[in-house]
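Read off the chains here:
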Amino acid sequence: MQPRERALPTASSSRGSIDVVDIEGAEEPDSSRGESGGAATGPGTSSGGKDEAGDSDEDDEDGDEDEDEDEGEVEIKMSIDQALKVLEKELGTPKRLLRRNAKILYCDALFEESEEPRTVETLTRINSPTENKYIEVHFSYHSRSRMYSIEWFYTLGYKVFSGEPTPSTNIRMFEGRSHASTYRRQGWRSITYAFYDDENNHWRKWKHIEVFSVDVTHTGLVEVHEALWGPLAALPPDASAADLLERRRALVRTLRYTIACEDGEVDSRPGRYGSPQGQIGWVLEAANDRWLARGVRRACGFQLERDPDDEVKGRRDREEAAKEYDDDDDDDDDEMGDDDDDKEDEDEDEDNSDEEDDSE
């Protein structure tokens, strides 16, 4: 099954775009906590106090929203803000360290209703708190239910830049390309993509077959991590189990996707069902198979005991689903063939009847 060329659907409802929106509010950073504190603290360490890492309700007040922002854009901004806030607490950084360094460069968002995105495209820039580097992240998403089918696809990619910030990437460079080739130019790299391969079938012939790829590599994860936090210290050969586990979590946090890092833990979907990582109901895995979680673990250099069996089961489920659709198509063809035979019999009976009438 080959990916189809991607085209973002249009909608008649109001939908706008915003340029360079600060994730953080108007509050000035506390002068008692300099940028050097964030660099010294780094990921996975404690900054030495609840007040340092936590935010009070007062700190969360970002002021009045821009009057030009529509509801979808506000939802996106709030979700990113919430995700970065949680990450700051997990890392033990000074509060707002990441939010001060994150900007939405482009946002085009259409929601069916609150927390249910239909068509979203964002370009976000994260400036490194420790290095003279920054990262741009592009995300394109579409999900819409119809009477007999569901439109669904997304792509997620990134690029690491060195030096002073330059004008943002032209968003048009991602248009008109297949899912697999969206991030194959100008230094961009794919993290993952997924879509329903319906083979252009619609209505009752629509096929519910999930196609996906996890493209991020261990080298890519380390590159992103070091761009934000500086060189990643090499683990000694006799590293403890606790140190190995923390390294796993550090790399997993780079993607901001909550997955199990040891047996007994559970993979969770981001932004769904009250997740603290944002309240938008993104669908990144359409079926029950946690292929994205497995792919991230593989890129981080480890797998859980259950992963091989789950991968085999997921592949078998997709193959069986595809076979069921093929069988249904054969049944439809047989029914059409029977209808054609019946029509031929009816035509033949009519011809015979006409001949009898003529003979009379």
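Residues numbered from 1 in each chain as written. Predicted model: local features only at pLDDT ≥ 70, side-chain atom pairs only at ≥ 80, totals over all residues. Heavy atoms only, no water.

Q: An account of the overall build of the protein chain is needed here, citing residue identities and associated values.
A: Scanning the protein chain from N- to C-terminus turns up eight helices and eight strands. Per-residue burial for the protein chain yields a buried fraction of 42% across its 360 residues. Partitioning the contacts of the protein chain with sequence separation of at least 6, the portion at a separation of at least 24 is 66%. Carbon and sulfur atoms provide 45% of the accessible area of the protein chain, an area that totals close to 19,600 Å². (Helix = DSSP H or I, 4+ residues; strand = E, 2+ residues; numbered from the N terminus. Buried < 20%, exposed > 50% of the residue type's maximum accessible area, 1.4 Å probe, protein only. Contact = heavy atoms within 4.5 Å. Areas by Shrake-Rupley, 256 points an atom, 1.4 Å probe, with all protein chains shown as cover.)

Q: Describe the pattern of salt bridges, and please don't skip the residues or the numbers.
A: Between side chains of opposite charge, a pair can form when the charged atoms approach closely. In this structure the tally under the stated criterion is 20 salt bridges. With its nearest N and O atoms 3.6 Å apart, the salt bridge here joins Glu 262 to Arg 249. Pair noted here: Glu 262 is in the loop between helix H6 (241–255) and helix H7 (291–300) and Arg 249 is in helix H6, with a separation of 13 residues, a long-range link. Overall, the relative accessible area of 33% leaves Glu 262 in the partly exposed class. On the basis of relative accessible area, Arg 249 is assigned to the partly exposed category, the value being 23%. Two residues, Arg 297 and Asp 267, come together in a salt bridge whose shortest N-O distance is 2.8 Å. Taken as a pair, Arg 297 in helix H7 and Asp 267 in the loop between H6 and H7 lie far apart in primary sequence, 30 residues in all. (Salt bridge = Lys/Arg side-chain N within 4 Å of Asp/Glu carboxyl O.)

Q: Please set out the pairing of strand E6 (residues 150–162) residue by residue, giving values where relevant.
A: Within a regular strand, the side chains alternate between the two sheet faces. Where strand E5 (residues 133–145) lies against E6, 13 bridges are found, and the strand directions are antiparallel. Each bridged residue has a counterpart across the sheet, and for Lys 133 the counterpart in E6 is Ser 162. Count of turn residues in the E5/E6 antiparallel hairpin: four residues. (Pairing = 2+ DSSP bridges.)

Q: Account for the packing of aromatic side chains, naming residues and giving values.
A: Using the criterion set out here, one finds twelve aromatic pairs in the structure. Ring centres of Phe 139 and Tyr 141 lie 5.9 Å apart, and the angle between their planes is 35°; on these two criteria the pair is classed as tilted. Ring pairing ties together the aromatic residues Phe 139, Tyr 141, Trp 152, Tyr 154, Tyr 196 and Trp 282, which thus form one cluster. (Phe/Tyr/Trp six-rings, centres within 6.5 Å; stacked < 30°, edge-to-face > 60°.)

Q: Lay out helix H5 (residues 218–229) with the relevant residues and their values.
A: Counted at 1.5 Å a residue, the expected span for H5 with its twelve residues is 16 Å, and the 16 Å between its end C-alpha atoms agrees. Those residues of H5 that sit buried are Gly 220, Leu 221, Val 222, Val 224, His 225, Ala 227, Leu 228 and Trp 229. A positive phi of about 90° marks Gly 230, the residue just after H5. (Expected span 1.5 Å × (residues − 1).)

Q: Just give me the short version of the nonpolar core, but keep the residues and values in it.
A: Judged by nonpolar contacts, the single largest core of 46 residues is most densely connected at Ile 76, Tyr 154, Trp 282, Leu 292 and Cys 300. By size, the runner-up hydrophobic cluster in this structure holds eight residues, among which are Leu 105, Ile 171, Phe 174 and Tyr 183. (Core = buried A, V, L, I, M, F, W, Y, C linked by side-chain atoms within 4.5 Å.)

Q: With reference to specific residues and values, describe the environment of Ala 321.
A: With respect to the element layout, Ala 321 can be found in helix H8 (residues 307–359). On the basis of relative accessibility, which here comes to 21%, the residue Ala 321 falls in the partly exposed class. Each C-alpha atom, one on Ala 321 and one on Glu 210, is 10.0 Å from the other, the two residues being 111 residues apart in sequence.

Q: Describe the environment of Asn 170, listing the residues and the values that go with them.
A: As for its placement among the helices and strands, Asn 170 is situated in the loop between E6 and strand E7 (189–196). Along the chain, Asn 170 and Leu 123 lie 47 residues apart, while their C-alpha atoms are 9.6 Å from each other.

Q: I'd like a description of the confidence of the model for the protein chain, backed by residues and values.
A: Residue-level pLDDT values for the protein chain average 75, and 66% of them are 70 or greater. Segment residues 25–65: pLDDT under 50, and 66 contacts once partners within four positions in sequence are set aside and those in other chains are kept. (pLDDT = per-residue confidence, 0-100.)

Q: Let's hear about H6: which residues, and what values?
A: When the terminal C-alpha atoms of H6 are compared, their 22 Å separation across 15 residues agrees well with the 21 Å that a helix rising 1.5 Å per residue should span. Listed as buried for H6 are Ala 250, Leu 251, Val 252 and Arg 253. Residues of H6 that are buried make contact with helix H3 (71–91), H5 and H7. Residue Arg 256 follows H6 closely and has a positive phi angle near 55°.

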